[in-house]
Amino acid sequence: MTTEAAVYLTDDRDLPEEDLRTLVIFQGGNGDWYVQVAPRHGRTTEGVRLCTSGGASSHAPGLTVAIASAYRAILAAQRGEPAPPSRMDLEDEVAAWRARFPQHHFEFGSIARKSDESA
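Residues numbered from 1 in each chain as written. Predicted model: local features only at pLDDT ≥ 70, side-chain atom pairs only at ≥ 80, totals over all residues. Heavy atoms only, no water.

Help me get a handle on the overall build of the protein, residues and values and all.
Within the protein one finds 3 helices and 6 strands. Its helices and strands taken in sequence order, the protein reads β-β-β-β-α-α-α-β-β from the N to the C terminus. Here the C-alpha radius of gyration of the protein, 20 Å, is well above what a compact globule of 119 residues would show, namely 14 Å. On the principal axes, the C-alpha backbone points of the protein span a range of 65 × 30 × 25 Å. Evaluated residue by residue, the protein yields a buried proportion of 19% over its 119 residues. Contacts spanning at least 24 positions in sequence make up 26% of the contacts within the protein whose residues lie at least 6 apart. For the protein, the exposed area adds up to about 8800 Å²; of that, 55% sits on carbon and sulfur atoms. Charged side chains of the protein number 12 positive and 17 negative; the gap between the two group centres comes to 4 Å. (Helix = DSSP H or I, 4+ residues; strand = E, 2+ residues; numbered from the N terminus. Rg over C-alpha atoms; globule rule 2.2 N^0.38 Å. Buried < 20%, exposed > 50% of the residue type's maximum accessible area, 1.4 Å probe, protein only. Contact = heavy atoms within 4.5 Å. Areas by Shrake-Rupley, 256 points an atom, 1.4 Å probe, with all protein chains shown as cover. Lys, Arg positive; Asp, Glu negative; His and termini not counted. Charge placed at Lys NZ, Arg CZ, Asp CG, Glu CD.)

I'd love a proper account of helix H2 (residues 63-79), names of residues and values included.
Compared with an ideal rise of 1.5 Å per residue, which puts 17 residues at 24 Å, H2 spans 24 Å between its outermost C-alpha atoms and is within 8% of the ideal. Of the residues making up H2, those classed as buried are Thr64, Ile67, Ala68, Tyr71, Ile74, Leu75 and Ala76. Turning to H2, the residues buried within the fold contact strand E1 (6-9), strand E2 (21-27), strand E3 (33-39), strand E4 (48-50) and helix H1 (55-59). Of the residues flanking the end of H2, it is glycine 80, one or two places downstream, whose phi is positive at about 75 degrees. (Expected span 1.5 Å × (residues − 1).)

I'd like a rundown of the pattern of salt bridges, residues and numbers included.
Summed over all chains, the structure comprises 4 salt bridges. Among the salt bridges present, the one from arginine 49 reaches aspartate 32, with a minimum N-O distance of 2.6 Å. Of the two residues, arginine 49 is situated in strand E4 and aspartate 32 in the loop between E2 and E3; the sequence distance between them amounts to 17 residues. When the shortest N-O distance is used, the salt bridge between glutamate 91 and arginine 87 registers 3.1 Å. Remark: arginine 87 and glutamate 91 occur in helix H3 (residues 87-100); sequence separation between them is 4 residues, near one turn of the helix. Assessed through its relative accessible area of 53%, arginine 87 is described here as exposed. (Salt bridge = Lys/Arg side-chain N within 4 Å of Asp/Glu carboxyl O.)

Tell me about the nonpolar core, residues and numbers included.
Formed by Ala6, Ile25, Trp33, Val35, Leu50, Ala56, Ile67, Ala68, Tyr71, Ile74 and Leu75, the largest nonpolar core amounts to 11 residues. Sorting the residues of this core by element identifies E3 and H2 as the ones contributing at least two each. A per-element tally of this core places H2 first, with 5 residues. With near-sequence residues (within four places) excluded, tyrosine 71 lies in contact with Thr3, Glu4, Ala5, Ala6, Ile25, Phe26 and Trp33. (Core = buried A, V, L, I, M, F, W, Y, C linked by side-chain atoms within 4.5 Å.)

If you had to explain the sheet that holds E3 to someone new, which residues and values would you point to?
Read across the sheet, 4 strands follow the order E1-E2-E3-E4 without closing on themselves; strand pairing throughout is antiparallel. The open sheet is flanked by E1 and E4, the only strands paired with a single partner. Pairwise comparison of adjacent strand axes, ignoring direction, gives a mean angle of 20 degrees for this sheet. As defined by bridge partners, E3 adjoins E4 across 3 bridges and the pair is classed as antiparallel. Bridge pairing links valine 35 to valine 48 in E4. Across the face of the sheet, H2 comes into contact with E1, E2, E3 and E4 while running at roughly 75 degrees to E1. (Pairing = 2+ DSSP bridges. Axes fitted to C-alpha atoms, helices over the stretch in contact; angles between N-to-C directions.)

So what about the pairing of E3? Which residues, and what values?
Consecutive side chains along a regular strand alternate between the two faces of the sheet. For E2 and E3, the ladder comprises 7 bridges, and the chain directions are antiparallel. Each residue of the ladder has a partner; that of arginine 21, found in E3, is proline 39. Hairpin connection from E2 to E3: 5 residues lie between these consecutive antiparallel strands, with glycine 31 at a positive phi of about 90 degrees.

Okay, here's the thing in structure tokens:
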């Protein structure tokens, strides 16, 4: 199973229409990310596979996370939805919660009160 493709047509207005390119990102059934730069119509058989186990995740840590974020942002725009929160937004929210509730921690899918030794 392949995910829905996230497609972004360049907004480079300095190029003639025949030179416009489209960024296409999708996730294969194996969980790996596929990134292509295609002609304007978005169809090509050439691209880059970014492995989520080994490969890109080992040789360029953070790359597959960034591609996943770009995928979600482009897909949200395609659907007319608000942009998803960025990783920094989520980290800021976690930091705010930790500051507000320093006596608690996340444990096995739930929030638990810290023991006296770890507080």
